[in-house]
Amino acid sequence: MNRTFNTEGYCDPEFNYMVDLSERLKAIKEMVDSEKYFTINKARQYGKTTVLTALAEYLQMEYEVISLDFQTMSSLAFESEQAFVTAFSEELLDNALLPEKMKEKLLACIEKKSGSVSLSALFRVLKAWCKSTEKKIVLMIDEVDTATNNQVFLDFLAQLRAAYLNRRKVPTFQSVILAGVYDVRNIKKKIRLEEEHKTNSPWNIAADFLVDMSFSVTDINGMLKEYEADYHTGMDIEKMAALLYGCTSGYPYLVSRLCKLLDEFVAGSEEFSDKTSAWTLEGLMMAEKRLLNENNPLFQSLTGKLADYPQLRTILYQLLFTGKAIPYVSQNSCIDIAAMFGFIKNDNGCVAISNRIFESVLYNLFISEEFITSKLYDTGLMEKNQFIVGGHLDVRQTLFSVVFKTNYQWCGQYLCGAGDP
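A brief report on the enclosed structure follows. Because the structure is predicted, anything quoted here is derived from the model rather than measured. (Residues numbered from 1 in each chain as written. Predicted model: local features only at pLDDT ≥ 70, side-chain atom pairs only at ≥ 80, totals over all residues. Heavy atoms only, no water.)

## Examining the overall build of the chain
- Within the chain, the secondary structure is distributed over 19 helices and 10 strands.
- Residue burial in the chain is summarised as follows: out of 421 residues, 49% are buried.
- Nonlocal contacts in the chain, meaning residues at least 24 apart in sequence, comprise 69% of its contacts between residues at least 6 apart.
- A total accessible area of about 21000 Å² is found for the chain, and carbon and sulfur atoms account for 50% of it. (Helix = DSSP H or I, 4+ residues; strand = E, 2+ residues; numbered from the N terminus. Buried < 20%, exposed > 50% of the residue type's maximum accessible area, 1.4 Å probe, protein only. Contact = heavy atoms within 4.5 Å. Areas by Shrake-Rupley, 256 points an atom, 1.4 Å probe, with all protein chains shown as cover.)

## With respect to the pattern of salt bridges
- For the structure shown, the criterion picks out 13 salt bridges.
- For glutamate 226, the salt bridge is made with arginine 3, and the minimal N-O distance between the two is 3.1 Å. Of this pair, glutamate 226 sits in helix H7 (residues 217-231) while arginine 3 sits in the segment before strand S1 (4-5), and the two are 223 residues apart along the sequence.
- Judged by its relative accessible area of 22%, arginine 3 falls in the partly exposed class.
- With a shortest N-O distance of 3.0 Å, lysine 29 and glutamate 62 are connected by a salt bridge. Of this pair, lysine 29 sits in helix H1 (residues 22-33) while glutamate 62 sits in the loop between helix H2 (48-59) and strand S4 (64-69), and the two are 33 residues apart along the sequence.
- Owing to a relative accessible area of 42%, glutamate 62 belongs among the partly exposed residues under this scheme.
- By sharing partners, the salt bridges in this structure join Arg3, Glu226 and Asp230 into a single network. (Salt bridge = Lys/Arg side-chain N within 4 Å of Asp/Glu carboxyl O.)

## Concerning the packing of aromatic side chains
- Enumeration according to the criterion identifies 27 aromatic pairs in this entry.
- Between phenylalanine 38 and phenylalanine 209 the ring centres are 5.7 Å apart and the planes differ by 10°, which places this aromatic pair in the stacked class. Of the two residues, phenylalanine 38 sits in strand S3 (residues 37-41) while phenylalanine 209 sits in the loop between strand S6 (175-180) and H7, which places them 171 residues apart along the sequence.
- Three or more aromatic residues joined by ring pairs form one cluster here, namely Phe70, Phe78, Phe84, Phe88, Phe123, Phe153 and Phe156.
- Residue placement shows arginine 167 over the ring face of tyrosine 164; its charged tip is 3.9 Å from the ring centre. (Phe/Tyr/Trp six-rings, centres within 6.5 Å; stacked < 30°, edge-to-face > 60°. Lys NZ or Arg CZ within 6 Å of the ring centre and 35° of its normal.)

Next comes the structure, spelled out in structure tokens:
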């Protein structure tokens, strides 16, 4: 079976072209070896599940690994402590290689009479398992966002924290890894307004996760080499890797999506009859144009956040249309949220849109939403061709046009050399 570029679900090296994760896995294992509890917080479709899947296999020779996914548990599982304990225990029974004795204890725990099932009882079983097993246990939970607006999840974290702090006396998990978009150390970003009393997370034991999950030019280069070994397109691999990085800044989904479009849609089209002609600058421009016209899940998620967090719209609009330099201050809640969702990055101490693709998506969205009588709408609609160069936003031209039309006198002085922008 031929391998493909994958943008649906996690990547499997047997079936998909993917970057080499070995250095990332090595760095994460060092945290596990050091008994760290931590969270992998990255934007949607940033490769979290792929890394967790690879990590589980990477650790299994040395550790007993429990891999759970809160997305597989129904919303009812988080409505009460009893429901959560039952659902969590069932997930363990289905996904972990439990000794028969531990299975019996878990079953006994969840089969108690209604109202008597508790997190304390569950953790007594888990501690007994950690004490009796030959290999130390690593607990990994994906999609923790499913649970972060529920009190029972905070209680679950509190139990993990208590066990961690007492680990020298009573054996517990070697490491706990939670993955999701929201940082559970600051759960208030997802707690409903009427429940603001739940904003203090007990997950203050978590270590900082500093492993870079984005793709570097070297990462992309290695992935393209594998593809080239199969298809012999004759592409300039180093140049193509640099071009892909240039428009995506290494955002994993965007890199993989462009590669998939080049391989499956651009190659064989009227303009590019084969893979050799597709894997070029011109082919990439067509793939980028097609990507910008998609309404894929990532773009839907990004634009949906603008409605959920109105402040995001303000900061992104100013970045695109006013040219104001905004200092990157992570303590600013708006900047923190924008970074958490992947909209922005820290560019030498200033806020910048994460990548060129996002710039174009947001620009097109804001222009389309302007009232038909507004000056900005007229400017964007009438002169859009001058703003889009090679299928992406020419930020310099956009900023110049908007500022010039709103402040003619200032621009006139600048053009004459009377001042700096």
